[in-house]
Amino acid sequence: KQWYQRRVAITAGIDKNTIKGIAKYCTSGSLYDAAECSAARNASMMTSCDDSETLDIVERCDYIFDTPALNDTTVGIILLIASLILLCTCLTVLVKTLQSLLLGRMAQTLKRHINSDLPKPFGWLTGYLFILVGTGMTILVQSSSVFTSSITPLVGMGVISIDRMYPLTLGSNIGTTATAMLAALAATGDKRSVTIQVAISHLLFNIMGIMVFYPVPFMRRIPIAGAKALGNITANYRWFAIAYLMVVFLIIPLSLVALSFNVYLFSAVVSVLLFIAALVIILNILQKYCANRLPPLLQTWEFLPLPLRSLAPYDNLLSKLICCYAKDKQPLVTVVHANNGHANGHANGHANGHANGHANGHQESTLSPARSPADCVISLSLEDTSTPPPV
């Protein structure tokens, strides 16, 4: 590759007599002459003009991918992949380091102080204080990903509760706007006002989101409950985390963008999806609090096909496709359903390890480890009753 610098040289000749005529006849005084001044102004001041363009070879520094076989696009892709691998490696090392440091007495001390509230009557300000802490820490490290990735393992270790993690994450969303604000202030010229407007819009958007989901105690439960539910699902099905990211951050946005080209189709699809979501939420609430008033068919989700109410079929399909692991044998699962939505039973234990259970209602046994949200009671029944069930 050869790097060139374009250089244009312009040579111009100026007529001195024209300049003298303007200076002589166009200034106020006894020599002022309007006709001569107009003639001097209209006369050409340039006697000659020559421009030449040359290409000079620029001396450049060598780099690791300085090979003729790689173009700029290929080098950019290689560097992108390398940077992602380096980022994941650094985050992994960071997590392992935190896990090794925060053990024993250190973990207990952090758990006692971080999860405690402010003294009364200022206990309600504890969450807002941790929002400010999350904001300050994110501004210091200049990355919300680094901050949240650092404290996420602490939640898994039990050092920080998920209720305390929530305001720290909200503060991190505010702190991450500091980088955009600094970049906007560094802009020059007439573009500074536009960049500052974009940075302030980013800041206000995050603040408005916090004002919606945090000040009202009822609204705080929604993201926390959603996080716990997703965490439980991911613990059972590890692939669900990747599928969730692909669906929420790629498939759904692209689908909405594609549907937005047709306003009527977009409105119809969104309306149907909102209706289905509202119906599912209402039915779940009714099944939880007043299942005995519902028709027998709607007391559980058993009327739906298994792929629509459980992730087990997809997990089995992926297991067969990738063939990378074999699941351990699951214990026999007995699912007890009650016709009225409730199951009444008791178990009498004996010294020899045998157990006898009684339940008022319909009993259905299955060997599948899959469980649906509508299961009323799930009890483990081992074939060898002389050994206790694993915990």
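(A) View of the nonpolar core. Core analysis: the largest hydrophobic core is formed by 11 residues, namely Leu102, Ala107, Ile114, Phe130, Phe147, Ile151, Leu154, Val159, Ile160, Met165 and Leu168. Contributing elements (two or more residues each) for this core: helix 4 (105–114), helix 6 (144–156) and helix 7 (162–175). Per element, the largest residue contribution to this core is 3 residues, and it comes from helix 6. Sequence-distant contacts of Leu102, that is, excluding residues within four places in its chain, are made with Ala107, Leu110, Leu154 and Met157. Among the nonpolar cores identified, the runner-up in size contains 7 residues, and Ile131, Tyr166, Leu170 and Tyr214 belong to it.

(B) A nonpolar patch on the surface, seen in detail. Taken together, the side chains of Leu118, Phe122, Leu129, Leu132, Val133, Met137, Leu140, Val141 and Val146 make up a nonpolar region of the molecular surface, amounting to roughly 780 Å² of accessible area. Ranked by residues supplied to the nonpolar patch, first place goes to helix 5 (residues 126–141) with 6 residues. Taking the relative accessible area as the measure of exposure, Leu129 reaches 38% and is therefore partly exposed.

(C) Quick peek at the packing of helix 7 against helix 8 (residues 177–185). In contact at an axis separation of 5 Å, helix 7 and helix 8 are set at 10° when each is read in the N-to-C sense. Here helix 7 is positioned roughly parallel relative to helix 8, judged by the angle of their axes. Together, Asn173, Ile174 and Gly175 of helix 7 and Thr177, Ala178 and Thr179 of helix 8 make up the contact between the two elements.

(D) Up close: the side chain of Arg309. In this fold, Arg309 is placed in the loop between helix 12 (263–289) and helix 13 (312–322). Only 3.4 Å separates the side chain of Arg309 from the side chain of Glu302, close enough to count as a polar contact. At 2.9 Å, the side chain of Arg309 forms a polar contact with the backbone oxygen of Leu304.

(E) How the structure looks around the state of the cysteines. Tallied over the full model, the rule gives 0 disulfides. Here Cys88 stays unpaired: no disulfide links it, and the sulfur of Cys90, its closest cysteine neighbor, is 9.4 Å away. According to the relative accessible area criterion, Cys90 is partly exposed, its value standing at 45%.

(F) View of the pattern of salt bridges. For the structure on display, the rule yields 2 salt bridges. Across the pair Arg164 and Asp117 runs a salt bridge, and its minimum N-O distance is 2.8 Å. Taken together, the residues Arg164 in helix 7 and Asp117 in the loop between helix 4 and helix 5 connect sequence positions 47 residues apart. Glu302 is paired through a salt bridge with Arg309; the nearest N and O atoms lie 3.4 Å apart.

(G) How the structure looks around the environment of Ala184. Along the chain, the position of Ala184 falls in helix 8. Put simply, Ala184 and Val194 are 10 residues apart on the chain and 8.4 Å apart in space, counted from C-alpha to C-alpha. Setting aside residues no more than four positions away along its own chain, Ala184 makes contact with Arg192, Thr195, Ile196 and Ala199.

(H) Region of interest: the confidence of the model for the protein. Model confidence for the protein is summarised by a mean pLDDT of 75, while 72% of its residues fall at 70 or above. For the stretch residues 326–391, pLDDT sits under 50, and the model shows 86 contacts to residues farther than four places along the chain or on other chains.

(I) Region of the structure containing the packing of aromatic side chains. Taken as a whole and judged by the stated rule, the model has 7 aromatic pairs. Geometrically, the ring pair formed by Tyr166 and Tyr214 is tilted, given 5.8 Å between the ring centres and 50° between the ring planes. With Tyr166 in helix 7 and Tyr214 in the loop between helix 9 (192–213) and helix 10 (217–236), this residue pair connects regions lying 48 residues apart in the sequence. Residue Tyr214 is classed as buried on the basis of its relative accessible area, which comes to 6%. Linked through ring pairs, Trp124, Tyr128, Tyr166 and Tyr214 together constitute an aromatic cluster.

What counts as what
- Each chain has its residues counted from 1, following the order in which its sequence is written.
- Given that this is a predicted model, residues contribute local features only at a pLDDT of at least 70 and side-chain atom pairs are listed and counted only at 80 or more, while totals for whole chains, interfaces and linings are drawn from all residues.
- Side-chain measures here rest on the full set of heavy atoms in the structure, leaving out hydrogens and waters.
- Put simply, buried Ala, Val, Leu, Ile, Met, Phe, Trp, Tyr and Cys residues joined by side-chain atoms within 4.5 Å make one nonpolar core.
- Relative accessible area decides the class of each residue, using a 1.4 Å probe on protein chains only: under 20% of the type maximum gives buried, over 50% gives exposed, and in between gives partly exposed.
- A run of DSSP states H or I qualifies as a helix once it reaches four residues; a run of E qualifies as a strand once it reaches two. Both are numbered from the N-terminal end.
- Note on contacts: a residue pair qualifies if any of its non-hydrogen atoms lie within 4.5 Å across the two residues.
- What goes into a patch is any residue over 30% in relative accessible area without a salt bridge, connected to like charges within 9 Å or, for nonpolar side chains (Val, Leu, Ile, Met, Phe, Trp, Tyr), within 5 Å.
- The method behind every accessible area is Shrake-Rupley, applied with a 1.4 Å probe, and residues are considered shielded solely by the protein chains displayed.
- By definition here, a salt bridge exists when the distance from a side-chain nitrogen of Lys or Arg to a carboxyl oxygen of Asp or Glu is within 4 Å.
- The angle between two axes is taken between their N-to-C directions and runs from 0 to 180 degrees, where each axis is a line fitted to C-alpha atoms and a helix contributes only its stretch in contact.
- Throughout this description, any angle smaller than 35 degrees is read as roughly parallel, any larger than 145 degrees as roughly antiparallel, any in the 65 to 115 degree range as roughly perpendicular, and the remainder as oblique.
- What qualifies as a polar contact is a pair of N or O atoms within 3.5 Å, subject to a donor-acceptor requirement within protein and to the restriction that residues adjacent in sequence count only when both atoms come from side chains.
- Disulfides are defined in this document as cysteine sulfur pairs within 2.5 Å.
- Note on scores: pLDDT gives the predictor's confidence for each residue, bounded by 0 and 100.
- Each pair of aromatic rings taken from Phe, Tyr and Trp, with Trp reduced to its six-membered ring, is defined by centres within 6.5 Å and is described as stacked if the planes are under 30 degrees apart, edge-to-face if over 60, and tilted in the remaining cases.

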